[in-house]
Amino acid sequence: MAKKKMSLTTKVIIGMVLGIMVGLLINISGLNAEGSFTNMYVVNGLFYVIGKLFITALKMLVVPLVLFSLITGVIGIGDIRELGKVGGKSFALYLLTTAIAITVGIVIAAGLGIGEGVHMTTDTAFSGKEAPSLAEVLINIIPSNVFQAMAEGKMLQIIFFSIMVGISILMVGKKAEPVVELIEIGNEIMMKMVNIVMAVAPYAVFALLAKSIASLGLGLLADLGQYVVVLIGVLLFHLFVTLMAILKIFTGLSVSMFLKKAREMQVFAFSTSSSNATIPVTLRTVTEKMGVDISVASFTVPFGATINMDGTAIMQGVATVFIANAYGVDLGFAGHLTVILMSVLASIGTAGVPGVGLIMLSMVFTQVGLPVEGIGLILGVDRLLDMVRTAVNVSGDAVVSVIVGKSENKFDINIYNDPNAGMITEEELHIPEEVEKELAEVVKKVHDEE
Ligand code: ASP
(Lines give C-alpha, C1' and ligand atoms only; values in the text may rest on other atoms or scores of the structure.)
Protein backbone atom coordinates (compact mmCIF):
# COMPACT_ATOMS: atom_id res chain seq x y z
CA MET A 1 0.00 0.00 0.00
CA ALA A 2 1.42 3.34 -1.00
CA LYS A 3 2.04 5.60 1.95
CA LYS A 4 0.19 8.90 1.74
CA LYS A 5 2.70 11.71 1.36
CA MET A 6 2.52 14.49 3.90
CA SER A 7 1.72 17.88 2.36
CA LEU A 8 4.18 20.75 2.65
CA THR A 9 1.68 22.71 4.74
CA THR A 10 1.49 19.90 7.27
CA LYS A 11 5.27 19.68 7.39
CA VAL A 12 5.61 23.43 7.86
CA ILE A 13 3.09 23.39 10.70
CA ILE A 14 4.92 20.50 12.35
CA GLY A 15 8.15 22.51 11.98
CA MET A 16 6.47 25.48 13.64
CA VAL A 17 5.09 23.50 16.59
CA LEU A 18 8.35 21.63 17.16
CA GLY A 19 10.31 24.89 16.87
CA ILE A 20 8.18 26.55 19.54
CA MET A 21 8.48 23.50 21.80
CA VAL A 22 12.24 23.15 21.44
CA GLY A 23 12.67 26.91 21.89
CA LEU A 24 10.63 26.84 25.07
CA LEU A 25 12.53 23.86 26.41
CA ILE A 26 15.87 25.56 25.80
CA ASN A 27 14.59 28.76 27.36
CA ILE A 28 13.03 27.26 30.45
CA SER A 29 15.85 24.82 31.13
CA GLY A 30 18.31 27.72 31.18
CA LEU A 31 20.40 26.03 28.49
CA ASN A 32 20.49 29.31 26.61
CA ALA A 33 22.61 31.09 29.23
CA GLU A 34 24.99 33.65 27.75
CA GLY A 35 28.20 31.93 26.62
CA SER A 36 26.91 28.38 27.01
CA PHE A 37 27.45 25.81 24.28
CA THR A 38 23.75 25.79 23.35
CA ASN A 39 23.65 29.57 23.24
CA MET A 40 26.73 29.94 21.08
CA TYR A 41 26.51 26.97 18.74
CA VAL A 42 22.87 25.95 18.64
CA VAL A 43 20.64 28.98 19.18
CA ASN A 44 22.96 31.67 17.81
CA GLY A 45 24.82 29.18 15.63
CA LEU A 46 22.83 26.53 13.83
CA PHE A 47 19.30 27.91 14.30
CA TYR A 48 20.39 31.46 13.57
CA VAL A 49 22.23 30.56 10.38
CA ILE A 50 19.48 28.33 8.99
CA GLY A 51 16.78 30.90 9.77
CA LYS A 52 18.76 33.78 8.36
CA LEU A 53 19.65 31.89 5.17
CA PHE A 54 15.99 31.17 4.62
CA ILE A 55 14.77 34.73 5.14
CA THR A 56 17.55 36.01 2.91
CA ALA A 57 16.60 33.51 0.22
CA LEU A 58 12.98 34.66 0.37
CA LYS A 59 14.04 38.29 0.16
CA MET A 60 16.29 37.42 -2.77
CA LEU A 61 13.19 36.32 -4.67
CA VAL A 62 11.06 39.37 -3.96
CA VAL A 63 12.42 41.98 -6.39
CA PRO A 64 12.78 39.85 -9.54
CA LEU A 65 9.49 38.12 -8.78
CA VAL A 66 7.55 41.36 -8.39
CA LEU A 67 9.23 42.80 -11.47
CA PHE A 68 8.54 39.87 -13.78
CA SER A 69 5.09 39.04 -12.45
CA LEU A 70 3.86 42.60 -12.49
CA ILE A 71 5.07 43.29 -16.02
CA THR A 72 3.45 40.01 -17.08
CA GLY A 73 0.33 41.09 -15.20
CA VAL A 74 0.07 44.51 -16.85
CA ILE A 75 0.49 42.95 -20.29
CA GLY A 76 -2.14 40.38 -19.30
CA ILE A 77 -4.69 43.04 -18.38
CA GLY A 78 -3.91 44.87 -21.61
CA ASP A 79 -6.18 47.81 -20.83
CA ILE A 80 -4.90 50.71 -18.80
CA ARG A 81 -8.37 51.60 -17.51
CA GLU A 82 -8.73 48.07 -16.13
CA LEU A 83 -5.42 48.54 -14.40
CA GLY A 84 -6.69 51.73 -12.81
CA LYS A 85 -9.75 49.86 -11.58
CA VAL A 86 -7.66 47.15 -9.95
CA GLY A 87 -5.52 49.84 -8.33
CA GLY A 88 -8.49 51.88 -7.11
CA LYS A 89 -10.43 48.93 -5.74
CA SER A 90 -7.51 47.41 -3.88
CA PHE A 91 -6.48 50.77 -2.44
CA ALA A 92 -10.02 51.42 -1.16
CA LEU A 93 -10.34 47.93 0.31
CA TYR A 94 -6.94 48.13 1.99
CA LEU A 95 -7.89 51.41 3.63
CA LEU A 96 -11.28 50.07 4.65
CA THR A 97 -9.91 46.91 6.30
CA THR A 98 -7.22 48.92 8.10
CA ALA A 99 -9.79 51.42 9.40
CA ILE A 100 -12.08 48.64 10.62
CA ALA A 101 -9.14 46.85 12.24
CA ILE A 102 -8.00 49.81 14.30
CA THR A 103 -11.53 50.84 15.23
CA VAL A 104 -12.31 47.37 16.59
CA GLY A 105 -8.96 47.38 18.42
CA ILE A 106 -9.70 50.70 20.12
CA VAL A 107 -13.31 49.90 20.97
CA ILE A 108 -12.50 46.55 22.58
CA ALA A 109 -9.40 47.80 24.41
CA ALA A 110 -11.21 50.90 25.69
CA GLY A 111 -14.28 48.89 26.62
CA LEU A 112 -12.14 46.60 28.74
CA GLY A 113 -10.22 49.52 30.17
CA ILE A 114 -6.85 47.85 29.67
CA GLY A 115 -3.85 49.55 31.19
CA GLU A 116 -5.81 51.09 34.05
CA GLY A 117 -3.93 50.44 37.25
CA VAL A 118 -0.63 49.76 35.46
CA HIS A 119 2.04 51.65 37.30
CA MET A 120 4.28 53.57 35.05
CA THR A 121 7.67 52.15 35.77
CA THR A 122 9.50 51.82 32.55
CA ASP A 123 13.23 51.94 32.27
CA THR A 124 13.30 50.98 28.63
CA ALA A 125 13.77 54.17 26.74
CA PHE A 126 12.19 54.46 23.35
CA SER A 127 12.71 57.32 21.03
CA GLY A 128 10.66 57.36 17.89
CA LYS A 129 12.35 57.31 14.53
CA GLU A 130 11.54 59.94 11.97
CA ALA A 131 9.01 58.75 9.45
CA PRO A 132 8.74 60.33 6.01
CA SER A 133 5.90 62.81 5.43
CA LEU A 134 3.02 61.87 3.19
CA ALA A 135 4.23 64.31 0.54
CA GLU A 136 7.63 62.66 0.55
CA VAL A 137 6.07 59.22 0.21
CA LEU A 138 4.07 60.39 -2.80
CA ILE A 139 7.09 61.93 -4.48
CA ASN A 140 9.13 58.84 -3.72
CA ILE A 141 6.80 56.57 -5.67
CA ILE A 142 8.80 57.46 -8.77
CA PRO A 143 12.36 56.19 -8.64
CA SER A 144 15.12 58.44 -9.92
CA ASN A 145 17.22 55.36 -10.47
CA VAL A 146 15.49 52.03 -10.99
CA PHE A 147 18.58 50.02 -10.16
CA GLN A 148 18.91 51.78 -6.85
CA ALA A 149 15.21 51.16 -6.19
CA MET A 150 15.73 47.47 -6.86
CA ALA A 151 18.92 47.30 -4.86
CA GLU A 152 17.18 48.89 -1.90
CA GLY A 153 13.99 46.89 -2.38
CA LYS A 154 11.81 50.00 -2.57
CA MET A 155 8.52 48.29 -3.27
CA LEU A 156 6.34 51.21 -4.41
CA GLN A 157 9.08 52.36 -6.78
CA ILE A 158 9.49 48.86 -8.20
CA ILE A 159 5.72 48.60 -8.64
CA PHE A 160 5.66 51.95 -10.46
CA PHE A 161 8.52 51.04 -12.77
CA SER A 162 7.08 47.61 -13.59
CA ILE A 163 3.73 49.13 -14.52
CA MET A 164 5.48 51.67 -16.76
CA VAL A 165 7.45 48.91 -18.49
CA GLY A 166 4.26 46.87 -18.98
CA ILE A 167 2.39 49.84 -20.48
CA SER A 168 5.30 50.73 -22.76
CA ILE A 169 5.55 47.15 -23.99
CA LEU A 170 1.85 47.28 -24.88
CA MET A 171 2.44 50.51 -26.76
CA VAL A 172 5.38 49.10 -28.72
CA GLY A 173 3.11 46.23 -29.73
CA LYS A 174 4.14 43.39 -32.03
CA LYS A 175 7.82 44.26 -32.09
CA ALA A 176 7.99 43.71 -28.32
CA GLU A 177 6.74 40.12 -28.51
CA PRO A 178 10.15 38.54 -27.84
CA VAL A 179 10.44 40.64 -24.69
CA VAL A 180 6.98 39.58 -23.59
CA GLU A 181 7.99 35.96 -24.00
CA LEU A 182 11.23 36.55 -22.13
CA ILE A 183 9.44 38.20 -19.22
CA GLU A 184 6.79 35.49 -19.07
CA ILE A 185 9.43 32.81 -18.95
CA GLY A 186 11.32 34.87 -16.37
CA ASN A 187 8.18 34.89 -14.26
CA GLU A 188 7.83 31.13 -14.56
CA ILE A 189 11.46 30.64 -13.58
CA MET A 190 11.05 32.83 -10.50
CA MET A 191 7.91 30.93 -9.48
CA LYS A 192 9.88 27.67 -9.71
CA MET A 193 12.55 29.21 -7.52
CA VAL A 194 9.87 29.99 -4.94
CA ASN A 195 8.99 26.28 -4.91
CA ILE A 196 12.62 25.33 -4.34
CA VAL A 197 12.94 27.69 -1.38
CA MET A 198 9.61 26.52 0.02
CA ALA A 199 10.73 22.91 -0.03
CA VAL A 200 13.17 23.62 2.80
CA ALA A 201 10.64 25.69 4.74
CA PRO A 202 9.73 23.06 7.38
CA TYR A 203 13.32 23.02 8.66
CA ALA A 204 13.78 26.75 8.34
CA VAL A 205 10.54 27.52 10.16
CA PHE A 206 11.65 25.19 12.92
CA ALA A 207 15.00 26.99 13.22
CA LEU A 208 13.46 30.48 13.12
CA LEU A 209 10.96 29.75 15.86
CA ALA A 210 13.32 27.73 18.03
CA LYS A 211 15.76 30.66 17.93
CA SER A 212 13.18 33.36 18.70
CA ILE A 213 11.48 31.50 21.49
CA ALA A 214 14.74 30.23 23.02
CA SER A 215 16.07 33.81 23.12
CA LEU A 216 12.90 35.61 24.16
CA GLY A 217 10.94 33.02 26.10
CA LEU A 218 7.24 33.35 26.64
CA GLY A 219 7.59 34.56 30.23
CA LEU A 220 7.73 38.12 28.94
CA LEU A 221 4.18 37.79 27.75
CA ALA A 222 2.92 37.17 31.27
CA ASP A 223 4.30 40.52 32.49
CA LEU A 224 1.99 42.41 30.20
CA GLY A 225 -0.66 39.70 30.26
CA GLN A 226 -3.63 41.99 29.87
CA TYR A 227 -2.19 43.81 26.85
CA VAL A 228 -1.06 40.59 25.22
CA VAL A 229 -4.34 38.72 25.71
CA VAL A 230 -6.51 41.58 24.46
CA LEU A 231 -4.23 42.23 21.48
CA ILE A 232 -4.08 38.60 20.41
CA GLY A 233 -7.83 38.29 20.97
CA VAL A 234 -8.57 41.23 18.67
CA LEU A 235 -6.07 39.97 16.07
CA LEU A 236 -7.79 36.58 15.98
CA PHE A 237 -11.21 38.26 15.87
CA HIS A 238 -10.12 40.33 12.89
CA LEU A 239 -8.71 37.32 11.07
CA PHE A 240 -11.55 34.88 11.68
CA VAL A 241 -14.57 37.17 11.94
CA THR A 242 -14.04 40.56 10.27
CA LEU A 243 -11.90 39.51 7.32
CA MET A 244 -13.92 36.37 6.70
CA ALA A 245 -17.17 38.35 6.83
CA ILE A 246 -15.73 40.80 4.29
CA LEU A 247 -14.67 37.89 2.07
CA LYS A 248 -18.11 36.29 2.30
CA ILE A 249 -20.03 39.53 1.70
CA PHE A 250 -17.97 40.58 -1.31
CA THR A 251 -17.47 37.17 -2.94
CA GLY A 252 -19.75 34.55 -1.41
CA LEU A 253 -16.80 32.13 -1.48
CA SER A 254 -16.17 29.40 1.07
CA VAL A 255 -14.51 30.75 4.18
CA SER A 256 -13.18 27.40 5.34
CA MET A 257 -11.48 26.88 1.97
CA PHE A 258 -9.81 30.25 2.29
CA LEU A 259 -8.55 29.53 5.77
CA LYS A 260 -7.27 26.11 4.77
CA LYS A 261 -5.32 27.54 1.86
CA ALA A 262 -4.04 30.54 3.78
CA ARG A 263 -2.46 28.46 6.54
CA GLU A 264 0.89 27.93 4.89
CA MET A 265 1.29 31.61 4.06
CA GLN A 266 0.32 32.56 7.61
CA VAL A 267 2.99 30.28 9.09
CA PHE A 268 5.58 31.88 6.80
CA ALA A 269 4.52 35.34 7.93
CA PHE A 270 4.45 34.24 11.56
CA SER A 271 7.95 32.81 11.48
CA THR A 272 9.58 35.56 9.39
CA SER A 273 7.66 38.52 10.94
CA SER A 274 7.82 40.22 7.58
CA SER A 275 5.06 40.76 5.04
CA ASN A 276 7.71 41.72 2.54
CA ALA A 277 9.76 38.55 2.86
CA THR A 278 6.49 36.61 2.60
CA ILE A 279 5.56 38.20 -0.77
CA PRO A 280 6.74 35.17 -2.79
CA VAL A 281 4.62 32.82 -0.68
CA THR A 282 1.59 35.14 -0.63
CA LEU A 283 1.77 35.53 -4.40
CA ARG A 284 2.02 31.79 -4.88
CA THR A 285 -0.86 31.12 -2.48
CA VAL A 286 -3.15 33.71 -4.01
CA THR A 287 -2.52 32.65 -7.62
CA GLU A 288 -1.90 28.92 -7.52
CA LYS A 289 -4.01 27.91 -4.54
CA MET A 290 -6.80 30.49 -4.59
CA GLY A 291 -7.11 31.01 -8.34
CA VAL A 292 -6.60 34.77 -8.62
CA ASP A 293 -5.14 35.68 -12.00
CA ILE A 294 -1.54 36.87 -11.99
CA SER A 295 -2.65 40.12 -13.68
CA VAL A 296 -4.43 41.12 -10.47
CA ALA A 297 -2.35 39.35 -7.81
CA SER A 298 0.98 40.62 -9.14
CA PHE A 299 -0.24 44.11 -8.20
CA THR A 300 -2.40 43.55 -5.12
CA VAL A 301 0.10 41.36 -3.27
CA PRO A 302 3.23 43.56 -3.24
CA PHE A 303 1.03 46.66 -2.89
CA GLY A 304 -0.77 45.10 0.08
CA ALA A 305 2.48 43.97 1.70
CA THR A 306 3.56 47.60 1.59
CA ILE A 307 0.49 49.60 2.57
CA ASN A 308 -1.99 47.16 4.11
CA MET A 309 -1.30 46.25 7.72
CA ASP A 310 -4.45 45.31 9.56
CA GLY A 311 -2.63 43.49 12.34
CA THR A 312 -0.26 46.40 12.85
CA ALA A 313 -3.21 48.82 12.96
CA ILE A 314 -4.86 46.71 15.65
CA MET A 315 -1.66 46.78 17.68
CA GLN A 316 -1.67 50.56 17.43
CA GLY A 317 -5.23 50.85 18.62
CA VAL A 318 -4.75 48.52 21.56
CA ALA A 319 -1.35 49.97 22.47
CA THR A 320 -2.66 53.53 22.38
CA VAL A 321 -5.48 52.75 24.77
CA PHE A 322 -3.18 50.71 27.02
CA ILE A 323 -0.51 53.38 27.28
CA ALA A 324 -2.97 56.27 27.57
CA ASN A 325 -4.59 54.51 30.50
CA ALA A 326 -1.24 53.62 32.04
CA TYR A 327 -0.27 57.30 31.95
CA GLY A 328 -3.72 58.38 33.05
CA VAL A 329 -4.32 60.38 29.87
CA ASP A 330 -7.92 60.69 28.74
CA LEU A 331 -7.98 60.72 24.96
CA GLY A 332 -11.69 61.31 24.66
CA PHE A 333 -13.75 60.68 21.55
CA ALA A 334 -11.87 63.17 19.38
CA GLY A 335 -8.52 61.75 20.48
CA HIS A 336 -9.57 58.23 19.54
CA LEU A 337 -10.84 59.42 16.19
CA THR A 338 -7.51 61.12 15.54
CA VAL A 339 -5.76 57.85 16.37
CA ILE A 340 -7.88 56.01 13.81
CA LEU A 341 -7.23 58.59 11.09
CA MET A 342 -3.55 58.87 11.90
CA SER A 343 -3.03 55.13 11.87
CA VAL A 344 -4.65 54.73 8.49
CA LEU A 345 -2.52 57.56 7.12
CA ALA A 346 0.57 56.24 8.85
CA SER A 347 0.08 52.84 7.25
CA ILE A 348 0.39 54.50 3.85
CA GLY A 349 3.02 56.96 5.01
CA THR A 350 5.40 54.33 6.25
CA ALA A 351 5.13 52.21 3.12
CA GLY A 352 8.47 50.73 2.33
CA VAL A 353 9.99 51.14 5.78
CA PRO A 354 10.89 47.79 7.33
CA GLY A 355 9.71 46.92 10.85
CA VAL A 356 7.23 49.74 10.59
CA GLY A 357 4.88 48.91 13.44
CA LEU A 358 6.64 50.90 16.12
CA ILE A 359 7.52 53.82 13.87
CA MET A 360 3.86 54.18 12.98
CA LEU A 361 2.97 54.03 16.62
CA SER A 362 5.35 56.85 17.50
CA MET A 363 3.82 58.99 14.73
CA VAL A 364 0.38 58.39 16.19
CA PHE A 365 1.54 59.14 19.73
CA THR A 366 3.13 62.42 18.73
CA GLN A 367 -0.08 63.46 17.03
CA VAL A 368 -2.36 62.81 20.00
CA GLY A 369 0.17 64.03 22.57
CA LEU A 370 0.96 60.74 24.27
CA PRO A 371 4.53 60.34 25.54
CA VAL A 372 6.54 58.45 22.93
CA GLU A 373 8.64 56.91 25.74
CA GLY A 374 5.48 55.04 26.72
CA ILE A 375 6.21 52.69 23.83
CA GLY A 376 9.08 51.40 25.94
CA LEU A 377 6.45 49.73 28.06
CA ILE A 378 5.41 47.35 25.32
CA LEU A 379 8.75 47.09 23.55
CA GLY A 380 9.75 43.87 25.27
CA VAL A 381 6.80 41.87 24.02
CA ASP A 382 6.66 43.48 20.62
CA ARG A 383 8.98 41.07 18.88
CA LEU A 384 6.71 38.14 19.73
CA LEU A 385 3.49 39.96 18.93
CA ASP A 386 4.96 41.09 15.61
CA MET A 387 4.83 37.45 14.51
CA VAL A 388 1.09 37.20 15.14
CA ARG A 389 0.20 40.53 13.56
CA THR A 390 2.27 39.84 10.44
CA ALA A 391 0.20 36.67 9.89
CA VAL A 392 -2.93 38.84 10.08
CA ASN A 393 -1.36 41.42 7.75
CA VAL A 394 -0.74 38.94 4.93
CA SER A 395 -4.19 37.39 5.38
CA GLY A 396 -5.72 40.81 4.71
CA ASP A 397 -3.63 41.10 1.53
CA ALA A 398 -4.91 37.72 0.35
CA VAL A 399 -8.57 38.52 1.13
CA VAL A 400 -8.41 41.78 -0.83
CA SER A 401 -6.63 40.05 -3.73
CA VAL A 402 -9.40 37.45 -3.96
CA ILE A 403 -12.14 40.10 -3.77
CA VAL A 404 -10.57 42.28 -6.46
CA GLY A 405 -9.72 39.24 -8.63
CA LYS A 406 -13.28 37.93 -8.46
CA SER A 407 -14.91 41.30 -9.09
CA GLU A 408 -12.71 41.83 -12.13
CA ASN A 409 -13.44 38.34 -13.47
CA LYS A 410 -9.77 37.51 -13.12
CA PHE A 411 -10.42 34.53 -10.95
CA ASP A 412 -10.77 30.77 -11.40
CA ILE A 413 -13.30 29.32 -9.01
CA ASN A 414 -12.28 25.75 -9.85
CA ILE A 415 -8.79 26.40 -8.52
CA TYR A 416 -10.24 28.06 -5.41
CA ASN A 417 -12.49 25.10 -4.68
CA ASP A 418 -9.88 22.44 -5.43
CA PRO A 419 -8.34 21.49 -2.08
CA ASN A 420 -5.22 20.17 -3.82
CA ALA A 421 -4.56 23.15 -6.08
CA GLY A 422 -1.06 24.56 -5.87
CA MET A 423 0.38 21.74 -3.79
CA ILE A 424 4.11 21.38 -4.28
CA THR A 425 4.71 17.80 -5.38
CA GLU A 426 7.99 15.93 -5.54
CA GLU A 427 7.74 15.70 -9.31
CA GLU A 428 7.68 19.45 -9.50
CA LEU A 429 10.97 19.72 -7.71
CA HIS A 430 12.54 17.01 -9.78
CA ILE A 431 14.38 17.72 -13.02
CA PRO A 432 13.36 15.00 -15.50
CA GLU A 433 16.30 13.19 -17.11
CA GLU A 434 15.18 13.98 -20.69
CA VAL A 435 15.05 17.66 -19.87
CA GLU A 436 18.52 17.55 -18.41
CA LYS A 437 19.79 15.87 -21.58
CA GLU A 438 17.94 18.23 -23.89
CA LEU A 439 19.30 21.30 -22.14
CA ALA A 440 22.82 19.88 -22.21
CA GLU A 441 22.43 19.38 -25.97
CA VAL A 442 21.33 22.99 -26.42
CA VAL A 443 24.33 24.26 -24.46
CA LYS A 444 26.64 22.00 -26.47
CA LYS A 445 25.16 23.23 -29.77
CA VAL A 446 25.68 26.85 -28.78
CA HIS A 447 29.28 26.08 -27.83
CA ASP A 448 29.97 24.25 -31.09
CA GLU A 449 28.53 27.09 -33.11
CA GLU A 450 30.86 29.47 -31.37
N1 ASP B 1 6.14 43.01 10.74
C2 ASP B 1 5.00 43.62 10.15
C3 ASP B 1 4.92 43.24 8.69
O4 ASP B 1 5.93 43.16 8.03
C5 ASP B 1 4.99 45.10 10.26
C6 ASP B 1 4.99 45.55 11.69
O7 ASP B 1 3.92 45.45 12.32
O8 ASP B 1 6.02 45.99 12.18
O9 ASP B 1 3.85 43.05 8.19
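Basis of the calculations
Note that residues are indexed from 1 along each chain, following the sequence as it is written. Note on the predicted model: pLDDT of at least 70 is required for a residue's local features to be given, and 80 or more for side-chain atom pairs to be given and counted; whole-chain, interface and lining totals, by contrast, use all residues. Computation of side-chain values covers all heavy atoms of the structure but excludes hydrogens and water. Nearness is judged by heavy atoms alone; a residue qualifies as near a molecule or strand once a single heavy atom is within 4 Å of it. We define a polar contact as two N or O atoms separated by no more than 3.5 Å, with the added condition that, inside protein, one atom must be a possible hydrogen donor and the other a possible acceptor, whereas residues neighbouring each other in sequence contribute only through side-chain atom pairs. Computed by Shrake-Rupley with a 1.4 Å probe, the accessible areas treat only the displayed protein chains as cover when residues are assessed. Strands are runs of DSSP state E lasting at least two residues, helices are runs of H or I lasting at least four, and both sets are numbered from the N terminus onward. Residue type decides the class: Asp, Glu, Lys and Arg count as charged, Ala, Val, Leu, Ile, Met, Phe, Trp, Tyr, Cys and Pro as nonpolar, and the leftover types, Gly among them, as polar. We define the nonpolar core as a collection of buried residues of types Ala, Val, Leu, Ile, Met, Phe, Trp, Tyr and Cys that are connected through side-chain atoms lying within 4.5 Å of one another. Partly exposed residues are those whose accessible area sits between 20% and 50% of the maximum for their type, while under 20% is buried and over 50% is exposed, using a 1.4 Å probe and protein chains only. When checking whether two residues touch, look at their non-hydrogen atoms; a contact exists if any pair is within 4.5 Å. Ring geometry is summarised as follows: Phe, Tyr and Trp rings, the Trp one being its six-membered ring, pair when their centres sit within 6.5 Å, and such pairs are stacked at plane angles under 30 degrees, edge-to-face over 60 and tilted between the two. Each patch is built from residues that are more than 30% exposed by relative accessible area and take part in no salt bridge. Like charges join if they lie within 9 Å; nonpolar side chains (Val, Leu, Ile, Met, Phe, Trp, Tyr) join within 5 Å. Just to be clear on terms, a salt bridge is a Lys or Arg side-chain nitrogen sitting within 4 Å of an Asp or Glu carboxyl oxygen. His is not counted here, nor are the chain ends, while Lys and Arg score as positive and Asp and Glu score as negative. Charge placement uses NZ in Lys and CZ in Arg. For Asp and Glu, CG and CD serve respectively.

Chemist: What is the right way to read the site of the ligand from this model?
Modeler: By nearness alone, 11 residues border the ligand, and Ser-275, Thr-312, Asp-386, Arg-389 and Asn-393 come closest of all. Thr-312 places a polar side-chain atom, nitrogen or oxygen, 2.7 Å from an oxygen atom of the ligand. For the ligand, whose unbound accessible area comes to 270 Å², protein coverage reaches 92%. For the shell around the ligand, the leading source of residues is helix H17 (residues 376-407), giving four residues. Considered class by class, the residues forming the shell around the ligand number one nonpolar, eight polar and two charged.

Chemist: It is not clear to me how the nonpolar core should be interpreted in this structure. Could you clarify?
Modeler: Buried together is how nonpolar side chains tend to be arranged in soluble globular proteins. Core analysis: the largest hydrophobic core is formed by 128 residues, its most contacted members being Tyr-227, Phe-258, Val-318, Ile-378, Val-402 and Tyr-416. No other element matches H17, which puts 16 residues into this core. When sequence neighbours within four positions are dropped, the list of residues in contact with Ile-378 reads Leu-224, Tyr-227, Ala-319, Phe-322, Ile-323 and Leu-361. Formed by six residues, the second largest nonpolar core is a distinct cluster that contains Ile-26, Phe-47, Ala-210 and Ala-214.

Chemist: Explanation requested: unusual backbone geometry in the structure shown.
Modeler: Excluding glycine, residues mostly have negative phi values, and the peptide bonds linking residues are mostly trans. Phi is positive for Ser-273, which is not a glycine, with a value near 55°. One can find Ser-273 in the loop between helix H11 (255-272) and helix H12 (279-289). What makes Ser-273 buried here is its relative accessible area of 16%. If you check the backbone angles, Asn-409 has positive phi at about 60° while not being a glycine. Within the secondary structure, Asn-409 is located in the loop between H17 and helix H18 (413-417). Judged by relative accessible area, Asn-409 falls into the exposed class, the value being 70%.

Chemist: I'm lost on the environment of Leu-209 in this one. Help?
Modeler: Mapped onto the elements, Leu-209 comes out in helix H8 (residues 201-216). Look at Leu-209 and you get buried, because its relative accessible area is 0%. Taking the C-alpha atoms as reference, Leu-209 lies 9.0 Å from Phe-270; in sequence the two are 61 residues apart. Once residues within four sequence positions are removed from consideration, Leu-209 is found in contact with Met-16, Gly-19, Ile-20, Ala-214, Phe-270, Ser-271 and Met-387.

Chemist: Honestly, the packing of aromatic side chains in this entry has me stumped. Any pointers?
Modeler: Each aromatic ring pair is summarised here by two numbers: the centre-to-centre distance and the angle between the ring planes. A full pass over the atoms with the stated rule returns eight aromatic pairs. The interplanar angle of 35° and the centroid separation of 5.1 Å between the aromatic rings of Tyr-227 and Phe-322 together place this pair among those described as tilted. Residue Tyr-227 is located in helix H10 (residues 225-251), and its partner Phe-322 is located in helix H14 (residues 310-326); the two are separated by 95 residues in the primary sequence. The class for Tyr-227 is buried, based on a relative accessible area of 0%. In this structure an aromatic cluster arises from ring pairing among Phe-91, Tyr-94, Phe-299 and Phe-303.

Chemist: Would you take a moment to explain a negative patch on the surface for this structure?
Modeler: Residues Glu-433, Glu-434, Glu-436, Glu-438 and Glu-441 make up a contiguous surface patch of negative charge. Here Glu-441 is to be found in helix H19 (residues 433-449). The exposed category is assigned to Glu-441, whose relative accessible area is 57%.

Chemist: Would you mind going over a nonpolar patch on the surface with me for this structure?
Modeler: Together, Met-6, Ile-14, Val-17, Leu-18 and Met-21 make up a nonpolar patch on the protein surface, roughly 420 Å² of accessible area in all. Structurally, the position occupied by Met-21 is in helix H1 (residues 8-29). For Met-21, a relative accessible area of 45% translates into the label partly exposed.

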